Amino acid sequence: MKYVDEYRNAEQVKQLAAMIRRQTTRPWNLMEVCGGQTNAIIRFGLDRLLPPEIRLIHGPGCPVCVTPIEMIDQAVAIASLSEVIFCSFGDMLRVPGSEKDLLTVKSEGADVRIVYSPMDAVALATANPDRDVVFFAIGFETTAPAVAMAIAQADRLGLDNFSALVSHVLVPPAICAVLDSPDNIVQGFLAAGHVCAVMGTWQYEPIARQYGVPIVVTGFEPLDILQGVALCIDQLENGRGEVAIQYTRCVQPEGNSVALAQIDKVFRTVPRKWRGIGEIPESGWALRHDFSRFDAAARFGVEGIRADEPAICLAGAVLQGHKRPFECPAFGRECTPETPVGAPMVSSEGACSAYYRYRLHELKQADGKQDSREGEP
Amino acid sequence: MSDERTEGMHWTCPVPRDVHATVQMAHGGGGRVMRRLIEGFFLPAFGATEPGSPPHDAAVLEVPGGRLAMTTDTFVVSPLFFPGGDIGKLAVYGTVNDLAMAGAKPLALSAGFILEEGLPLETLRRIVESMRRAADEAGVKIVTGDTKVVDRGKGDGIFINTAGIGLVGPNVDISPRRVRPGDAVLVSGDLGRHGIAIMSVREGLGFEAELESDCASLAGLVETLLDADPDVHCLRDLTRGGLAAALCEIADGAGVGIELDEASIPIIPPVAGACELLGLDPLYVANEGRLVAFVPVEAAQRTLEIMQAHPAAVQPAIIGRVTETHAGTVQVRTSFGAERIIDLLSGEQMPRIC
């Protein structure tokens, strides 16, 4: 397949891995920020091609994983209303709220639909003037331009039966939160290529300067990721900490100006709560006052719904790289993709789900644990 | 964050959600949840045809003078018509293929219709005609049927159940329990066309190239394979849950390991592209006209050649082998030597966010 196969070339992958082994002289901890990268690393076994000195830590860049439980509760409350058609990206439906997930609400009779684009929700609102169509707007900077476009479109069309439950989150403040943590062990970052395709790289320059860490904007295919690692290690071994772009086929330093203008028109920066991490200042987007009539949380009066994560779920520690998924005592036992306790077990981009899917068997062999699945009724 | 939360080992599950109290979509998704439904409800109530024997697509019954295979399947597809097929064609080929997977030559089908009040009769006519054409193509007769009508809003236009019987030849014994370490694993064609074709029309994804479902009868291909060499160990048609679900079931049922070479698994570019875009793994995407075959390794090349010469096989390939090690699991070896596990999903795959 064009644009994919050339980045999975086995010979080049092996050569690049050998080069990284040659250039590495001491231990380094790198964090890949994006869940898409985590999935590729585990799926292709890329971490195993690296020298033992390099540890890859899986970052907070899985939108499903970092959406706080109270947003799921708000979504569940809105979706349960009979006049509502609740639209969501597919992998949000199974994330557990305090009591229910959206799939359960659907089985109880709610009209919950999977859409592939926020514009599909606008089309549904146009086609169903007697229903309230709500779009669950979660995700990083990648999904925000399409949501902004949908809101602007609904505004132009004068739709009064469309709204969005907005919980957008931003990568740079999350990187700062990781670096500011007293327990931080991350020395270099593979930044999320698609986020930077929208935003550019200018936001990362001050972070690299302030903390002296390499930040390499990296793609998602095996060769991309290994090249990102190589660029990062090269900086670390030579005592540099700068922004570099590996994913040059998509990312310009200034970003996508059309997308940025659309985002700026519709959203303003706000503090945002992250699952397992807590509130991070200036780390999210909410609707500007000009568009506040499209705010579903206000329209349906669910803003007051607050909830805390299961106190014991290790999602926060996993998302910041303090723990690995299999170090959680619930991993593969109480918490499986079928009965997820924390969000990282739900999305294909979640670190726990990636380890469960691709590594469970050998993890079980390694510690002789019983497979809890066999014991379930 | 504070490490108090992470270091305590006094873990208790805060959200008990082990058992679903009501039916969920995942109960029909072809994954782990559905398997538990079968093992927890249907098998205890009805018993197995051959106790201790792993489940298969059709039951084989000893009758005076020979062996009869029997199976049934119900079809609830939306939309009713899609590129490359329709619910009627699926209903005939689905049951024909299940019979073929037991090595049976299909003889006769029944057809039960649940019609929703308001369904245009012209739609019904098109579906029935499509069923007749499919039955002719598969060399089987539809000999009995039933019709029920439900109130508007209580059905999705039309649901169809078909049941079928077929004759199993004298030297044929096709079952997961015959799968042996050393067997070669073949697929009869490229994977994922049906699932992506249905998804692209159902969700209006508007891919540039219209993809057609692979919906087809496999009875002719199986007959040709068995005529050439009856010693096929196991066959399975790839439906819901795709190649992954079929192989996981067989590895589990036969108590063997299965190893695949990722580079040898045939997937056409439009399917691979759609899967990349949506975050789906093509190994889990549905098919309606593909089978996986387990044959002794020395017969693998000849089986491949027979498939290559048959019109129902499209880009067939030898994709892996059965192993003694890692019994019960399926592993894929990527082209640069890393391995990953293919596990039964809980329900259906969900498209990802970005």
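Residues numbered from 1 in each chain as written. Chains lettered and ligands numbered in written order. Predicted model: local features only at pLDDT ≥ 70, side-chain atom pairs only at ≥ 80, totals over all residues. Heavy atoms only, no water.

### What about the overall build of chain A?
So, step 1. Scanning chain A from N- to C-terminus turns up 16 helices and 11 strands.
So, step 2. By the compact-globule yardstick of 21 Å for 377 residues, chain A fits well, its C-alpha radius of gyration being 21 Å.
So, step 3. Projected onto the principal axes, the alpha-carbon positions of chain A cover approximately 65 × 55 × 45 Å.
So, step 4. The buried share of chain A, reckoned over its 377 residues, is 63%.
So, step 5. Within chain A, contacts between residues separated by at least 24 positions form 78% of all contacts whose residues are at least 6 apart in sequence.
So, step 6. For chain A, the exposed area adds up to about 13700 Å²; of that, 50% sits on carbon and sulfur atoms.
So, step 7. Charged side chains of chain A number 35 positive and 46 negative; the gap between the two group centres comes to 4 Å. (Helix = DSSP H or I, 4+ residues; strand = E, 2+ residues; numbered from the N terminus. Rg over C-alpha atoms; globule rule 2.2 N^0.38 Å. Buried < 20%, exposed > 50% of the residue type's maximum accessible area, 1.4 Å probe, protein only. Contact = heavy atoms within 4.5 Å. Areas by Shrake-Rupley, 256 points an atom, 1.4 Å probe, with all protein chains shown as cover. Lys, Arg positive; Asp, Glu negative; His and termini not counted. Charge placed at Lys NZ, Arg CZ, Asp CG, Glu CD.)

### Describing a nonpolar patch on the surface
Residues and elements named next belong to chain B.
So, step 1. A contiguous nonpolar patch, built from Leu 61, Val 63, Met 70, Leu 107, Ile 165 and Leu 167 and spanning about 460 Å² of accessible area, is present on the exposed surface.
So, step 2. If you list the elements that add at least two residues to the nonpolar patch, you get strand S1 (59-63) and strand S7 (158-168).
So, step 3. Using a relative accessible area of 45% as the deciding quantity, one classes Met 70 as partly exposed. (Patch = residues over 30% accessible without salt bridge, like charges linked within 9 Å, V, L, I, M, F, W, Y side chains within 5 Å. Salt bridge = Lys/Arg side-chain N within 4 Å of Asp/Glu carboxyl O.)

### Observations concerning unusual backbone geometry
All names here are of chain B.
So, step 1. Cis rather than trans, the peptide bond between Ser 78 and Pro 79 has omega equal to 0 degrees.
So, step 2. By secondary structure assignment, the location of Pro 79 is in the loop between strand S2 (66-75) and strand S3 (81-82).
So, step 3. Positive phi outside glycine occurs at Gln 315, with the angle close to 55 degrees.
So, step 4. Following the sequence through the fold, Gln 315 ends up in the loop between helix H9 (300-308) and strand S12 (317-323).
So, step 5. Given the relative accessible area of 44%, Gln 315 is considered partly exposed.
So, step 6. The residue His 326 is not glycine, and still its phi comes out positive at about 35 degrees.

### Overview of the domain arrangement of chain A
Residues and elements named next belong to chain A.
So, step 1. In terms of domain boundaries, chain A breaks down into domain 1 (1-312) and domain 2 (315-368).
So, step 2. In this assembly, 34 residues from domain 1 lie in contact with 25 residues from domain 2.
So, step 3. Of all residues in domain 1, the largest losses of buried area upon contact with domain 2 belong to Ile 42, His 58 and Arg 94, amounting jointly to 22% of the total for that side.
So, step 4. Taken together, domain 1 and domain 2 are joined by 1 salt bridge.
So, step 5. Notably, a salt bridge pairs Asp 47 with Arg 359, separated by 2.9 Å at the nearest N-O pair.
So, step 6. Applying the counting criterion to the domain 1 and domain 2 interface returns 3 residue pairs in polar contact (both at pLDDT 80 or more).
So, step 7. Mapped by element, the contributors of at least two residues to the side of domain 1 that touches domain 2 are helix H2 (35-44), strand S2 (54-61) and helix H3 (63-66).
So, step 8. With 7 residues, the single largest contributor to the side of domain 1 that touches domain 2 is H2. (Domains from an automatic or database assignment. Buried area = accessible area lost by both parts, 1.4 Å probe. Polar contact = N/O pair within 3.5 Å; in protein donor to acceptor, adjacent residues only side chain to side chain.)

### Structural notes on the sheet that holds strand S14 (residues 339-342) of chain B
Residue and element names in this part refer to chain B.
So, step 1. Taken together, 7 strands build an open sheet; the order of strands is S9-S11-S8-S12-S10-S13-S14 and the sheet is mixed. Each edge of the open sheet carries a strand with a single partner, namely strand S9 (234-237) and S14. Strand-to-strand twist in this sheet, taken as the mean axis angle between neighbours without regard to direction, amounts to 25 degrees.
So, step 2. The pairing of strand S8 (residues 184-187) with strand S11 (residues 291-295) spans 4 bridges and is antiparallel. Residue Leu 186 lies in a different strand from S11, and its bridge partner there is Ala 293.
So, step 3. In the packing of helix H3 (residues 87-101) onto the sheet, contacts are made with S9 and S11, and the angle to S9 comes to roughly 165 degrees. (Pairing = 2+ DSSP bridges. Axes fitted to C-alpha atoms, helices over the stretch in contact; angles between N-to-C directions.)

### Points about the pairing of strand S3 (residues 84-88) of chain A
Residue and element names in this part refer to chain A.
So, step 1. Among the 5 residues in S3, 5 count as buried, and that is most of the element.
So, step 2. As paired elements, S3 and strand S5 (residues 132-139) share 4 bridges and run parallel to each other. Bridge pairing in S5 links Phe 86 to Val 134.
So, step 3. With respect to chirality, the unit in which S3 leads through helix H5 (residues 102-107) into the neighbouring parallel strand S4 (residues 111-114) is right-handed. (Right-handed = clockwise from strand over helix to strand, strands pointing away.)

### Quick look at the state of the cysteines
Residue and element names in this part refer to chain A.
So, step 1. In the structure shown here, the tally under the stated rule is 1 disulfide over all chains.
So, step 2. One disulfide in the model links Cys 62 with Cys 65; its S-S distance is 2.3 Å. The S-S bond linking Cys 62 to Cys 65 shows a torsion near 70 degrees; that makes this disulfide right-handed. We note that Cys 62, like Cys 65, is buried.
So, step 3. Here Cys 335 is not disulfide-linked; the sulfur of Cys 352 is the nearest cysteine sulfur, at 6.2 Å.
So, step 4. The class of Cys 335 is buried, set by a relative accessible area of 9%. (Disulfide = S-S within 2.5 Å.)

### Quick word on the packing of helix H1 (residues 10-23) of chain A against helix H11 (residues 222-237) of chain A
Residue and element names in this part refer to chain A.
So, step 1. One way to put it is that H1 packs onto H11 with a least axis distance of 10 Å and a crossing angle of 15 degrees. The orientation of H1 relative to H11 falls into the category roughly parallel. Seen from above, H1 lies across H11 with left-handed handedness. Here Gln 12, Val 13, Leu 16, Met 19, Ile 20 and Gln 23 of H1 come into contact with H11, specifically with Pro 222, Leu 223, Leu 226, Gln 227, Val 229, Ala 230, Ile 233, Asp 234 and Glu 237.
So, step 2. Of the residues assigned to the contact of H1 with H11, the class counts are 10 nonpolar, 3 polar and 2 charged. (Parallel < 35°, antiparallel > 145°, perpendicular 65-115°, else oblique. Left-handed = near helix turned anticlockwise from the far one by under 90°. Nonpolar A, V, L, I, M, F, W, Y, C, P; charged D, E, K, R; others polar.)

### Some points on the nonpolar core
So, step 1. Phe 86, Phe 162, Phe 189 and Phe 267 of chain A are the most contacted members of the largest nonpolar core, which totals 91 residues.
So, step 2. Counting the residues that make up this core, at least three belong to each of domain 1 (1-312) and domain 2 (315-368) of chain A.
So, step 3. Beyond its immediate chain neighbours, meaning those up to four positions away, Phe 189 of chain A contacts Met 31, Val 33, Ile 175, Val 178, Leu 179, Val 213, Pro 214, Ile 215, Val 216 and Cys 232 of chain A.
So, step 4. If you look at the next biggest cluster of nonpolar residues, it comprises 56 residues, including Ala 100, Ile 158, Val 232 and Ala 293 of chain B. (Core = buried A, V, L, I, M, F, W, Y, C linked by side-chain atoms within 4.5 Å.)

### Remarks on the environment of Leu 247 of chain B
All names here are of chain B.
So, step 1. Note on placement: Leu 247 falls in helix H7 (residues 242-254).
So, step 2. For the pair Leu 247 and Val 185, spaced 62 residues apart in sequence, the C-alpha to C-alpha distance is 9.6 Å.
So, step 3. Beyond its immediate sequence surroundings of up to four residues, Leu 247 is in contact with Val 185, Ile 258, Leu 260, Val 292, Phe 294 and Val 330.

### Section: the domain arrangement of chain B
All names here are of chain B.
So, step 1. Once the domains are mapped, chain B shows domain 1 (56-168) and domain 2 (176-342).
So, step 2. Taken over C-alpha atoms, the centre of domain 1 sits 23 Å from the centre of domain 2.
So, step 3. Taken together, the contact between domain 1 and domain 2 spans 21 residues of the former and 24 residues of the latter.
So, step 4. Overall, the association of domain 1 and domain 2 removes approximately 1800 Å² of surface from exposure, summing both partners, and the carbon and sulfur fraction of that is 66%.
So, step 5. On the domain 1 side of the interface with domain 2, the three residues burying the most area are Pro 83, Asn 97 and Met 101, jointly 32% of the side's total.
So, step 6. Seen at the junction of domain 1 and domain 2, the total is 2 salt bridges.
So, step 7. We note a salt bridge from Arg 236 to Asp 57, for which the minimum N-O separation is 3.7 Å.

### Focus on the packing of helix H7 (residues 144-157) of chain A against helix H12 (residues 257-266) of chain A
All names here are of chain A.
So, step 1. Running from N to C, H7 and H12 cross one another at 55 degrees; their axes reach a closest spacing of 8 Å. Accordingly, the angle class assigned to the pair H7 and H12 is oblique. For the crossing formed where H7 meets H12, the hand is left-handed. On H12, the residues touching Ala 144, Pro 145, Ala 148, Met 149, Ile 151 and Ala 152 of H7 are Ala 259, Gln 262, Ile 263, Lys 265 and Val 266.
So, step 2. Broken down by class, the residue content of the contact of H7 with H12 amounts to 9 nonpolar, 1 polar and 1 charged.

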